[in-house]
Amino acid sequence: MLTVPFADLNLQYQSIKADIDSAIAAVIQDSAFIRGAYVDSFETAFAAAVEANHCVSCANGTDALYVAMAALNVSAGDEVITTAHSWISTSAMITHAGATVVFCDTDEDTYTIDPVAVESAITPRTVGIIPVHLYGQPADMDAIMAIARKHNLWVVEDCAQAHLARYKGRLVGTFGNAATYSFYPGKNLGAMGDAGAIVTNDPELAGGMAMLARHGGLTKHQHVIEGINSRLDGLQAAILLAKLPHLPQWTRARQAAAAVFDAGLNQIEDIEVPRVAAGREHVYHLYTVQHPRRDQLAAFLGANGVQTAVNYPTALPFLSAYSRFAHRPQQFPNAYRQQSRILSLPMFAEITRDQQHTVVNLIRAFAES
Ligand SMILES: *Cc1c(COP(=O)(O)O)cnc(C)c1O
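## Describing the pairing of strand β3 (residues 100-104)
Most of β3 sits out of view: four of its five residues are buried. Of the strand pairs in this sheet, strand β2 (residues 79-83) and β3 are connected by five bridges, and their pairing is parallel. Its bridge partner being in β3, Glu 79 is matched across the sheet by Thr 100. After leaving β2, the chain enters helix α5 (residues 89-96) and then returns to the sheet as β3, a path that is right-handed.

Take a look at the structure:
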């Protein structure tokens, strides 16, 4: 039986082992563990890669969201709008930044925030919007930016799953006031531990975010504000620097693998393959299908050596963490309906065609059973 893992981080390491090993050795040799040349170089290289003027590295993608909002002076009484369908960091950091989370439903096809729902969620207390480019597909940035301009709101793009994705030819993360990234090991660009970054074209915002992430000041013992400790460490920076040049090719490999799944799964009854809206370039952090008998399909694949995942089994408004809002399914019909239908199939740059055919054949066998 050919087993198919959900992702295989070791394969990627093996493909660039010499570069990674020497990057790690150099950091240890230099004792450049916190800040230093490797972190500075990564910030410069990453800003260039995503076509932003400034990159502020930080400890993880969750902190990136918090630091961005804190630098935008989010405060008590403010409302921040985000999507019902994301990883919990997006909404939890709104609360930790001191504001109130306002959820919006997703659009049925792309799993990204529905601009119509955003417009109707705006109140006099709304200060900002956090669209998430979920699974690697850009949200509808033209519509979201138009709403933000009309109501004078900031936009922070959560790009944790969407490194190098494009909307109408333009890289995600370049539309809003700032954009946050995660380099969690399984992300499209992954460190060997926790790591994150925020990018922006606004020099003042970049300065504020850097201070917030580094104890409130950029010069030792000069604490201009009260910050937190959210630093990227030198080892992760050096590892990310070694990986960054490969990201375009890894992204194309994910896209090619997605096309193979699309072609193989399209004709199979009951399976809905990812739908990519016009003008959006998907980078397939996750390849997520829908199936009416999701749990049975996942169990069948698992029993036959294929790992899958559900991202995410409970839409954000319905998590215990948000029971205080007493949200009802009818408020978020798409996110609610999809939470029991979505299934993420194995997806990584190095996945082989044999592995993919195994997955497709098993799904066809399940459909015919
Ligand atoms: C991974 C992720 C985060 C958080 O990133 P960490 O580095 O794990 O803290 C935030 N938002 C989304 C959409 C994510 O997928």
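## With respect to the side chain of Thr 90
Following the sequence through the fold, Thr 90 ends up in helix α5. Non-local contacts of Thr 90, meaning those with residues more than four positions away in its chain, are made with Leu 65, Thr 82, Ile 130, Val 132 and Asp 158.

## Some details on a nonpolar patch on the surface
Judged by side-chain polarity, Ile 28, Phe 33 and Ile 34 come together as a nonpolar surface patch covering roughly 270 Å² of accessible area. Following the sequence through the fold, Ile 28 ends up in helix α2 (residues 17-30). For Ile 28, a relative accessible area of 47% translates into the label partly exposed.

## Some words on the state of the cysteines
The bond known as a disulfide is covalent and runs between the sulfur atoms of two cysteines. According to the stated counting rule, one finds zero disulfides in the structure shown. Of all cysteine sulfurs in the structure, the one in Cys 159 sits closest to Cys 104, which takes part in no disulfide; the separation is 18 Å. No disulfide involves Cys 159; its nearest neighbouring cysteine sulfur is the one of Cys 55, lying 12 Å away. According to the relative accessible area criterion, Cys 159 is buried, its value standing at 0%.

## So, the pattern of salt bridges
Overall, the coordinates contain eleven salt bridges when judged by the stated rule. Here Glu 272 makes a salt bridge to Arg 275, at a shortest N to O gap of 3.3 Å. Residue class for Arg 275 comes out partly exposed when judged on its relative accessible area of 34%. Through salt bridges that share partners, Arg 35, Asp 40, Glu 43 and Arg 214 make up one connected network.

Thresholds applied
- Residues numbered from 1 in each chain as written.
- Predicted model: local features only at pLDDT ≥ 70, side-chain atom pairs only at ≥ 80, totals over all residues.
- Heavy atoms only, no water.
- Buried < 20%, exposed > 50% of the residue type's maximum accessible area, 1.4 Å probe, protein only.
- Helix = DSSP H or I, 4+ residues; strand = E, 2+ residues; numbered from the N terminus.
- Pairing = 2+ DSSP bridges.
- Right-handed = clockwise from strand over helix to strand, strands pointing away.
- Contact = heavy atoms within 4.5 Å.
- Patch = residues over 30% accessible without salt bridge, like charges linked within 9 Å, V, L, I, M, F, W, Y side chains within 5 Å.
- Areas by Shrake-Rupley, 256 points an atom, 1.4 Å probe, with all protein chains shown as cover.
- Salt bridge = Lys/Arg side-chain N within 4 Å of Asp/Glu carboxyl O.
- Disulfide = S-S within 2.5 Å.

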